[in-house]
Amino acid sequence: MLVLGASMVGKTGILSQFLYDSFIGPYKETVDEMYHGEFDVGSCDLSLNIQDTGGNYVHDFPAMVDISLQSADAFILVYAVDDPSSWDEVVRLRSLVTSHKGEQAPIVVVGNKTDLERKTSQEALEATVMFDWEHGYVECSAKDNVNTTAVFKELLGQARNRFEISCPPSASSSSRGSLPSTPLVIRRRTSLPQVPAFTRLMSDEGAMSSGGERAKVEKRSSSFALNKRRDSCKVQ
């Protein structure tokens, strides 16, 4: 899974909530981070590699972008609902993805920061994504952890037929996407080892916190094993 979008739209925040049930702030620019997780999806075991990229990744590393696009099987394109220019970047990134992977690639467009004042039209952009592009569309707030898991639920729905992901017989198909939504059956199997990007951010948060709060952050950080860039983070 390749996660793309303009700078400061909350790509890492969405992943942080999904993997760690926490919001990391203040903003720190991501360059390129990779995470690996094992998931239970219905009766299917799914190995998922998530590549989180910075907003300037496409511009600064064009050779690496080609490799990332060719390697990825599914894509999350993130914009911020309070920043119309970030939608323009999604339009450009979507063209880049489809030029490499075709129109049928599993893609979910995510409108993040619904906790802020909206400056984009949900109805217009959702219609563009779902009916013109025929991709999945989700709006969420990474800061408040609202609807963040729905991003990955929708991506599995988009990818289900292509990768033969199975679902329980009682699966609901009430989502508004063109494909039925996969019920969320992702459970954490073990405690989550920390990865460098989140370790750095949590350390910075702890440094700015007062005594007890800082100790709490440092204690949480120390409970995770530090890994190299491509080590796995176990989730379920």
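Thresholds applied
- Residues numbered from 1 in each chain as written.
- Predicted model: local features only at pLDDT ≥ 70, side-chain atom pairs only at ≥ 80, totals over all residues.
- Heavy atoms only, no water.
- Core = buried A, V, L, I, M, F, W, Y, C linked by side-chain atoms within 4.5 Å.
- Buried < 20%, exposed > 50% of the residue type's maximum accessible area, 1.4 Å probe, protein only.
- Helix = DSSP H or I, 4+ residues; strand = E, 2+ residues; numbered from the N terminus.
- Contact = heavy atoms within 4.5 Å.
- Phe/Tyr/Trp six-rings, centres within 6.5 Å; stacked < 30°, edge-to-face > 60°.

Visitor: Could you give me a rundown of the nonpolar core, with the residues and numbers involved?
Guide: Across soluble globular proteins, nonpolar side chains show a tendency to be buried alongside one another. Counting 28 residues, the largest nonpolar core has Met1, Ile76, Val110 and Phe152 as the members making the most contacts within it. When contributions to this core are tallied by element, the ones reaching two or more residues are α1 (11–20), β2 (32–41), β3 (44–53), β4 (75–80), β5 (107–112) and α6 (148–163). Not counting residues within four places of it along the chain, the set of residues in contact with Val110 comprises Ile14, Ile76, Leu77, Val78, Tyr79, Val138, Cys140 and Val151. With 23 residues, the next largest nonpolar core counts Tyr57, Val58, Trp87 and Met130 among its residues.

Visitor: Give me the lowdown on the packing of aromatic side chains, citing residues and values where you can.
Guide: Counted under the stated rule, the structure contains 3 aromatic pairs. Their ring planes at 10 degrees and their centres at 3.7 Å tell us that Phe18 and Phe152 sit as a pair that is stacked. With Phe18 in helix α1 and Phe152 in helix α6, the pair connects residues that are 134 residues apart, well separated along the chain. You'll find Phe18 and Phe152 in the same group, each marked buried. When the centroid spacing of 5.5 Å and the interplanar angle of 5 degrees are considered together, the rings of Trp87 and Trp133 count as stacked. Within this pair, whereas Trp87 is found in helix α4 (residues 84–101), its partner Trp133 is found in the loop between α5 (122–132) and β6 (136–139), the two being separated by 46 residues in sequence. With a relative accessible area of 11%, Trp87 lands in the buried category. Looking at Trp133, the relative accessible area reads 13%, which means it is buried. Connected via pairs of aromatic rings, a cluster forms that spans Tyr79, Trp87 and Trp133.

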